[in-house]
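Report on the structure
For reference, the chains in residue letters:
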Amino acid sequence: MNIATQAAQIGLDWDTRTGAVTVPIYQTATFRHPGLGQSTGYDYSRSGNPTRQALEEGIARLDGGARGFAYASGMAAIANLLLLFRSGDHLVVTEDLYGGTCRLFDQILVQYGLSFTYVDTSDPEAVRGAIRPETRALFVESLTNPLLKVADVAALSALCRERGLLCIVDNTFLTPYLLRPLDLGADITVYSGTKYLSGHNDTVSGLVAVRDQVLADRVYFLQNSVGAVLGPQDAWLTIRGMKTLSVRLDRQQENAGRIAEWLARHPRVRRVFYPGLPDHPGHELLARQARGFGAMIAFEVDDKALVERVLLNTELISFAESLGGVETLITFPQVQTHADIPPAVRERLGINDVLLRLSVGIEDADDLIADLDQAFGGESQRPGPGNR
Ligand SMILES: *Cc1c(COP(=O)(O)O)cnc(C)c1O
């Protein structure tokens, strides 16, 4: 069944007693037992809550996994997964990783004896070269932030299988609607549900899908033991967002394609990073492996002063962190999202003082382009009357 159909119907058949079309919010901490040694299947909401379970089954279905898990945030999900490893273990990791994930690895988990090697995961040979005898996993972002490098998930999963490593894919920027890493051989997918899956900039959540049942049992043990679970209200909001994932992303991608082309022609824009543009290095790979190119764009302007002008003068487009929602946001990665990456590394990766990032929403593309145009100072070549 198509993902658009599956997503729209999450939780639909949950409440057989009343036939409620949406899953109820089971705002309860605990559940009554029918008898001694008996359970309804629910005992205590950290261990299992029906609203959260509807969401967990939903993400498992969308991703083709044996089981899904919902956490209080994307970071809580990633932190929980990293408990699969023990002191002495080593992981190979995407170098332009989400800043918060980098902070968790380098400032916290290293204290517990884990070690990390950062490589360009869009290059499978770089990954192969970083594997050591004590390497246990690859943690890769399928589409990176903010420079939108594309990982060959099929090739990396095959490499992981060959070397006995777990392949964990942070698929936040693409979602299962655009890429299904478990189908390509990955073991675990992880999402900041805060972004495209919820899609409305109104909820913080994290989601995981695990391909194999034995590994899923282990992740369940960790989820229940640590307890960073998603509450029923936020689980419900995440489900509500996920139901419209396909229509939102279709529109967001269409808008992003138009804006990327407009930026590419702008005289004050030096470079545009959008995998939907044919000259992007990941264009062909995504065209082959995914259903689309997503709706994140990064671009370099020709002058540092212009960065501030654009950030302060956009009106429709909000200067804010986060991404993936229906509202278009613009951010300055060097300061806003990647401050925890060491400056020298940031510079090498190209996260510099003229780089801006757009998360394109569902507004009208002409309105968004007009807003960017006035924020730039109206210096683009406007089409003359009758020219379009
Ligand atoms: C936002 C984000 C996270 C962290 O998720 P939170 O919900 O903010 O905790 C992890 N990975 C990526 C790629 C993200 O964009």
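How each quantity is defined
- Residues numbered from 1 in each chain as written.
- Predicted model: local features only at pLDDT ≥ 70, side-chain atom pairs only at ≥ 80, totals over all residues.
- Heavy atoms only, no water.
- Helix = DSSP H or I, 4+ residues; strand = E, 2+ residues; numbered from the N terminus.
- Rg over C-alpha atoms; globule rule 2.2 N^0.38 Å.
- Contact = heavy atoms within 4.5 Å.
- Areas by Shrake-Rupley, 256 points an atom, 1.4 Å probe, with all protein chains shown as cover.
- Lys, Arg positive; Asp, Glu negative; His and termini not counted.
- Charge placed at Lys NZ, Arg CZ, Asp CG, Glu CD.
- Buried < 20%, exposed > 50% of the residue type's maximum accessible area, 1.4 Å probe, protein only.
- Near = heavy atom within 4 Å.
- Polar contact = N/O pair within 3.5 Å; in protein donor to acceptor, adjacent residues only side chain to side chain.
- 1 Å grid on protein atoms, 1.4 Å probe; cavity = no way out; pocket = protein on both sides within 12 Å on 5 of 7 lines; lining within 4 Å.
- Sits in = over half its atoms within 2 Å of the grid points.
- Nonpolar A, V, L, I, M, F, W, Y, C, P; charged D, E, K, R; others polar.
- Core = buried A, V, L, I, M, F, W, Y, C linked by side-chain atoms within 4.5 Å.
- Salt bridge = Lys/Arg side-chain N within 4 Å of Asp/Glu carboxyl O.

**A word on the overall build of the protein**
Per the secondary structure count, the protein includes 15 helices and 12 strands. Computed over the C-alpha atoms, the radius of gyration of the protein is 21 Å, within 12% of the 21 Å expected from 2.2 N^0.38 for a compact globule of 388 residues. Across its three principal axes, the protein shows a C-alpha extent of roughly 80 × 55 × 35 Å. Long-range pairs, those at least 24 residues apart, make up 72% of the contacts in the protein between residues at least 6 apart in sequence. Of the accessible surface of the protein, which amounts to about 16300 Å², a share of 50% is contributed by carbon and sulfur atoms. Between the mean site of the 36 positive side-chain charges and the mean site of the 46 negative ones, the protein shows a separation of 4 Å.

**A short note on the side chain of N49**
Residue position: N49 is located in the loop between α1 (3-8) and α2 (50-63). Assessed through its relative accessible area of 2%, N49 is described here as buried. Excluding residues that lie within four positions of it along the chain, N49 makes contacts with Y26, T28, F31, Y42 and P232.

**Section: the site of the ligand**
Surrounding the ligand, one finds 14 residues, the nearest of these being M75, D170, S192, T194 and K195. Contact between the ligand and T194: an oxygen atom at 2.7 Å from a side-chain N or O atom of the residue. Between the ligand and K195 there is a distance of 2.7 Å, counted from an oxygen atom to a side-chain nitrogen or oxygen. Relative to its free-state accessible area of 380 Å², the ligand is covered by the protein chains to the extent of 92%. Of all the cavities here, the one that holds the ligand is the largest pocket. Among the elements that make up the shell around the ligand, the one with the highest residue count is helix α3 (residues 74-81) (three residues). Partitioning the shell around the ligand into residue classes produces five nonpolar, six polar and three charged.

**Structural notes on the nonpolar core**
Judged by nonpolar contacts, the single largest core of 87 residues is most densely connected at L263, I297, F299 and L358. In terms of nonpolar packing, the next biggest core, distinct from the first, is built from 31 residues, Y71, A77, V208 and V219 among them.

**Side note on the side chain of R52**
Following the sequence through the fold, R52 ends up in helix α2. Ignoring sequence-local partners within four residues, the contact set of R52 consists of S45, R46, S47, A70, Q223, V229, L230 and A235.

**Side note on the pattern of salt bridges**
Here the structure, examined in full by the defined rule, presents 13 salt bridges. Among the ionic pairs, R52 bridges to E56, the shortest N-O distance being 3.2 Å. Of this pair, R52 and E56 both sit in helix α2, separated by four residues, roughly a single helical turn. Of the two residues, R52 and E56, neither departs from the other in class, the shared state being buried. Between R270 and E300 there is a salt bridge; the shortest N-O distance is 3.2 Å. With R270 in strand β8 (residues 269-273) and E300 in strand β9 (residues 296-301), this residue pair connects regions lying 30 residues apart in the sequence.

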